[in-house]
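Here's the letter readout for the chains.
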Amino acid sequence: MFEWQARRIQKSPKLVLAGIFVATIVLLAGFLVQETSEVPDPLGAFLPEGSELAEALDAVQESFPGSAGIKNVQLLAKGDVLDAKSFQDMRELQARMFSDPEVAPFLADQPIAGYVQILELVLLAQGTDPAEATDADIEAAVGLMAGLPALAAEHDLFTRIVPRDAAGVPIAGLSLIALKDTGDDVGLRDAQLRLYDIGDTANLASLEIAAVSQAQNEEEINDVNRISLPLLTAIALLVIALLLTVFYRTQSDVHITMIGLGIILAWTLGAQAWLSPGGAGLLDPDNIFIPIVLVLLISLSVDYALQVTSRYREALAKEGVEPDEGAPGRSIGHAVRVSGVPVMLAAVTTAVSLLMNLTSRFRPIAEFGVLAAIGVVAGWIVMTSFVPAVRLLLDRRRAAKSRELATKPVADTVPGTGAILSRAASVMARRPLPVLGGAVVVTVLAVVAATNLNTTTTPTDFLPRGSDALENITFIEDNFGASASTVTILVEADLDTAASTGHLLDYSEALSAETRPEGIVGPPIVSAVALLSDWATQSGQPGDKHHPAVEAAFAGLDSRASLTDQKARDAWTLLESVDPAGFATVVDWRADGLDRTIIQIPVAADSGTLLPQLLDELDELWGGDPKHTTATGGETLQALINSELGRSQTITIPLTIAAAMVILLLYFGFSERRPVLGVISILPIALVVTWLLAAMWIFGVSYNLATALVVALTIGIGVDYTIHLTHRFIEAEQETQDPAKALRLAMTTTGGALIASALTTALGLLALLFSPLRPIQELGGLTSATIVLTLISTFTVLPPLLILWSRHHRRVVLQPG
């Protein structure tokens, strides 16, 4: 294969370039068919398909469409919210929001719950018109809540959503606006954004208003992605260009490589366009990880160009001081042939390692793996075809004019590395076991440290630094304990049986009691039992729904001992006949499976610690099979991400290592008849994985959705270095027949080039530090650290293994007697 490629480039470099040009045009044509999403959902894309949460959301959407797509908007008011003027201003602002034509069609049946509504109820109860409430009236209402046991629940919620400073002065107030899904996704998004705009432009004398919503968060994330994609790409390209200027010391090589990088990016983005909606529909063009892919490819593909150029200069140097006109062709052919195997092997192994992300249940991570793998293959093709073809055309012209050709080895560009690597090779050749022993000790310590790694992702992780969304959510978390949301619990059971009805009554009672689980900040907002209670209870207030027959049926359900299937069936049937519309919003009788009902509860619990605990308690509270209840909405997706992330990577990491090992075993087994070299080449990288996790723990970096990618990248990137050094060692050993000399030669030639490659890759990836998203910043820093750790492992763990293997191979195989 590489012999054919070398001949083709030597014979027809212009034809090779024409083929690359045509491929570029074809791939870029994908932008002509690509479609963009009207409502990008960068965070919702992480919902694992086929998960219990996904199935529950589908079930709620099918049975209760009015409750399925409830979007909560947190209306935050900063300031003394209990001042009479502030109270009236807030009431007027909420009225203006609800009357807005963009918002009104999406308001839920109970559109708002907050401190204003609680105060209004208490003021009415004490005979005061809320529109005329004074400071004294509000103070009296707050005191009434604190003093009456009957208002204990309202007082508890009120104190949660109106925090005070050390002097007892209110500093903020929180309300929760509920918007329903009417099937108009664009309108629902616009309604959330409109609420933000109304709050942002409200000129209230003593209050600062912010409407915090998922749509606003996603809008800021998408805006940042659109800005950061070209910015981060440009920074990475600039860093690489500067480094190549130092390493190559010839502007033509820098220009060739930079143009090659541009072609690689064009191929990758073009392929993504063909695979996006409008094309194959397999990839999401709004994937939050796309900037990572581009910076990664820029940094990785340079390695392939450096290896080819390094081998070309080595071959050209052997042609003598004054090479003839045929020297460039012969040298290019040699460079393509000898570098072709390790570069292809590195690219294939990296691509397969990235494709192992397809095992992730998170679609953005799986798509990241696919797109990055496509880019790696593109990088291999371009850098082993375009770079040598252009270099050959230029050097043939220079040779024809008797101009000097660049022959200084790339390995010598970092001063002093040759001498250091030579001495290190000598030490490891003499004492391989002590070096390996030190690596084992470090790895054991790393494993211990990695067990303490934090594995939580929070909603603020992917919000841009310095954004309004992050500032407001941080304020809410600091002063209210957690963001407020509505969680919808889906219950699937035979509701016309005594057992299921009894479980549902007990469940609702437990959720309403003062001893309800921590994180639930009020009784159920919507439920079948609450509807039943509304019709069975005589309140004497305007709008009283009391129905004597329903009251009698409800009384019959109170005694669990005498509850029968018939009584349960009769009670639900009567309720359905009395209020068919209300009944349909909370109960779905199903002839082909379990019946469905929903319970909506107000929740304020952080997704990292308290919410997972709350979700477990909700399962335990149900008296029947816990599988019959599923919590949806709120930040349940975030909790699911936290629980699934470790499980997903537990599968992905071993598979990635195994896939890379299989490729190397097959290659070294068939080409060299030495399959054990595959194990030797992958072992140093497996150690780096533990070192990396330990480094994350040391520097306090959590194992989140973005940083989890680094682990797979460690294997995909790291194996490039071990492959190059192992392949060079085998070549050198065949030439010298001396393992120690072979190691020194491999370390001082390929090792030096690897240092240059590592520097370009690591410093290029540091461009991600300029991302406004913290996880992307962490990924850039960690991936750069991974390059350094991989280089250390390649130069300290791999050489002793190669020496021990070579000695064993010579003793057992070459000299069996």
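Residues numbered from 1 in each chain as written. Predicted model: local features only at pLDDT ≥ 70, side-chain atom pairs only at ≥ 80, totals over all residues. Heavy atoms only, no water.

Student: Which residues make up the overall build of the chain, and what values do they have?
Tutor: Helices and strands together make up the secondary structure of the chain, namely 31 helices and eight strands. A principal-axis box enclosing the C-alpha atoms of the chain has dimensions of 105 × 60 × 55 Å. Here the chain, with 817 residues, has 56% of them falling under the buried criterion. Intrachain contacts of the chain at a sequence separation of at least 6 include 79% that bridge at least 24 residues. For the chain, the accessible surface area stands at approximately 32800 Å², while carbon and sulfur atoms represent 60% of it. (Helix = DSSP H or I, 4+ residues; strand = E, 2+ residues; numbered from the N terminus. Buried < 20%, exposed > 50% of the residue type's maximum accessible area, 1.4 Å probe, protein only. Contact = heavy atoms within 4.5 Å. Areas by Shrake-Rupley, 256 points an atom, 1.4 Å probe, with all protein chains shown as cover.)

Student: Outline the sheet that holds strand 4 (residues 208–212), supporting the account with residue identities and numerical values.
Tutor: Pairing is antiparallel in the open sheet, where four strands are placed in the order 2-3-1-4. Each having just a single partner strand, strand 2 (107–114) and strand 4 make up the two edges of the open sheet. Neighbour to neighbour, the strand axes of the sheet diverge by 15° on average, direction disregarded. Across the sheet, helix 6 (residues 115–125) lies against strand 1 (71–78), strand 2 and strand 3 (172–179), angled at about 80° from strand 2, the strand it touches most. Against the sheet, helix 9 (residues 185–201) engages strand 1, strand 3 and strand 4, with an angle of about 155° to strand 3. (Pairing = 2+ DSSP bridges. Axes fitted to C-alpha atoms, helices over the stretch in contact; angles between N-to-C directions.)

Student: Can you tell me about the confidence of the model for the chain, naming the residues and giving the values?
Tutor: Across the chain, pLDDT averages 86, with 94% of residues at or above 70. At the low end of the mean pLDDT range in the chain sits helix 4 (residues 65–68), at 75; at the high end sits helix 2 (residues 13–28), at 96. (pLDDT = per-residue confidence, 0-100.)

Student: Can you break down the packing of aromatic side chains residue by residue, with the values?
Tutor: Note on aromatic pairs: each is described by the distance of the centres and the angle between the planes. Per the counting criterion, the structure on display carries four aromatic pairs. The side chain of Lys78 reaches across the aromatic face of Phe475, ending 4.6 Å from its centre. (Phe/Tyr/Trp six-rings, centres within 6.5 Å; stacked < 30°, edge-to-face > 60°. Lys NZ or Arg CZ within 6 Å of the ring centre and 35° of its normal.)

Student: Which residues make up the environment of Ser51, and what values go with them?
Tutor: Along the chain, the position of Ser51 falls in the loop between helix 2 and helix 3 (52–63). On the basis of relative accessible area, Ser51 is assigned to the buried category, the value being 3%. Distance from Ser51 to Glu644, taken between C-alpha atoms, is 9.9 Å for residues 593 residues apart in sequence.

Student: I'd like to hear about the pattern of salt bridges, residue by residue, with values.
Tutor: Any two side chains of opposite charge can pair, on the condition that their charged atoms come close. In total, this model carries 23 salt bridges according to the counting rule given. Between Arg728 and Glu314 there is a salt bridge whose closest N-O contact spans 3.3 Å. Placement of the pair is Arg728 in helix 27 (residues 708–736) and Glu314 in helix 12 (residues 290–317), with a sequence separation of 414 residues. Between Glu731 and Arg728 there is a salt bridge whose closest N-O contact spans 3.4 Å. Of this pair, Glu731 and Arg728 both sit in helix 27, three residues apart, which is roughly one turn of that helix. Owing to a relative accessible area of 18%, Glu731 belongs among the buried residues under this scheme. Exposure remark for Arg728: the relative accessible area of 9% places this residue in the buried category. (Salt bridge = Lys/Arg side-chain N within 4 Å of Asp/Glu carboxyl O.)

Student: Which residues make up the pairing of strand 1, and what are the values?
Tutor: With seven of eight residues buried, strand 1 lies mostly within the body of the structure. Where strand 1 and strand 3 come together, eight bridges link them in antiparallel fashion. Bridge pairing links Leu75 to Ser175 in strand 3. By the bridge criterion, five bridges tie strand 1 to strand 4 in an arrangement that is antiparallel. Bridging across to strand 4, Ala77 finds its partner in Ile209.

Student: With reference to specific residues and values, describe the side chain of Gln216.
Tutor: Mapped onto the fold, Gln216 is located in helix 10 (residues 214–248). Residues in contact with Gln216, not counting those within four places in the same chain, are Leu193 and Tyr196.

Student: Which residues make up the environment of Arg330, and what values go with them?
Tutor: Structurally, Arg330 is set in helix 13 (residues 327–355). Judged by its relative accessible area of 39%, Arg330 is partly exposed. In sequence terms Arg330 and Ala6 are 324 residues apart; their C-alpha atoms lie 9.2 Å from each other. Discounting chain neighbours no more than four positions away, the residues touching Arg330 are Gln10, Glu319, Asp324 and Arg337.

Student: Could you give an account of the packing of helix 14 (residues 363–383) against helix 15 (residues 386–400), with specific residues and numbers?
Tutor: The contact between helix 14 and helix 15 brings their axes to 5 Å, and the two run at 20°. Classed by the angle they form, the pair helix 14 and helix 15 counts as roughly parallel. Only Phe386, Val387 and Pro388 of helix 15 make contact with helix 14, whose side of the interface consists of Ile381, Val382 and Met383. Grouping the constituent residues of the contact of helix 14 with helix 15 by class yields six nonpolar, no polar and no charged. (Parallel < 35°, antiparallel > 145°, perpendicular 65-115°, else oblique. Nonpolar A, V, L, I, M, F, W, Y, C, P; charged D, E, K, R; others polar.)

Student: Before we move on, can you summarise the sheet that holds strand 8 (residues 629–633) with the specific residues and values?
Tutor: The strand order across the open sheet built from four strands is 6-7-5-8, with neighbouring strands paired in antiparallel fashion. The sheet is open, and its two borders are formed by strand 6 (587–588) and strand 8, each paired with just one other strand. Strand direction decides the pairing type here: strand 6 and strand 7 (residues 595–604), joined by two bridges, are antiparallel. Across the sheet, the residue bridging to Asp588 is Arg596, located in strand 7.

Student: Please provide a residue-by-residue account of a positive patch on the surface, values included.
Tutor: A grouping of Lys14, Arg397, Arg398, Lys401 and Arg403 is seen on the molecular surface, where their side chains present a positively charged patch. Along the chain, Arg403 turns up in the loop between helix 15 and helix 16 (417–430). (Patch = residues over 30% accessible without salt bridge, like charges linked within 9 Å, V, L, I, M, F, W, Y side chains within 5 Å. Lys, Arg positive; Asp, Glu negative; His and termini not counted. Charge placed at Lys NZ, Arg CZ, Asp CG, Glu CD.)

Student: Residue-level account of a nonpolar patch on the surface, with values.
Tutor: A contiguous nonpolar patch, built from Phe21, Val22, Ile25, Val26 and Trp274 and spanning about 490 Å² of accessible area, is present on the exposed surface. Among the elements that line the nonpolar patch, the one with the most residues is helix 2, at four residues. Tracing the chain through its elements places Trp274 in helix 11 (residues 251–275). In this structure Trp274 comes out as partly exposed when scored by relative accessible area, which is 35%.

Student: Explain the packing of helix 10 against helix 11 to me, using residue names and the numbers behind them.
Tutor: The geometry of helix 10 relative to helix 11 is characterised by a closest axis approach of 9 Å and an angle of 150° between their N-to-C directions. Considering the angle they form, helix 10 stands roughly antiparallel to helix 11. Seen from above, helix 10 lies across helix 11 with right-handed handedness. For the pair helix 10 and helix 11, contact is made by Thr233, Leu237, Ile240, Ala241, Leu244, Thr245 and Tyr248 and by Gln251, Asp253, Val254, Thr257, Met258, Leu261 and Leu265, respectively. Its residues placed into classes, the contact of helix 10 with helix 11 shows nine nonpolar, four polar and one charged. (Left-handed = near helix turned anticlockwise from the far one by under 90°.)

Student: I'd like a rundown of the nonpolar core, residues and numbers included.
Tutor: In this structure, Ile177, Leu179, Phe289 and Phe368 are the most contacted members of the largest nonpolar core, which totals 201 residues. Among the elements that take part in this core, helix 12 stands out by supplying 15 residues, more than any other. For Phe289, the contacting residues outside a window of four places in its chain are Phe46, Pro364, Ile365, Phe368, Phe462, Leu705, Ala706, Leu709 and Ile776. Counting 40 residues, the second largest nonpolar core, distinct from the first, contains Val487, Val491, Ala536 and Leu615. (Core = buried A, V, L, I, M, F, W, Y, C linked by side-chain atoms within 4.5 Å.)

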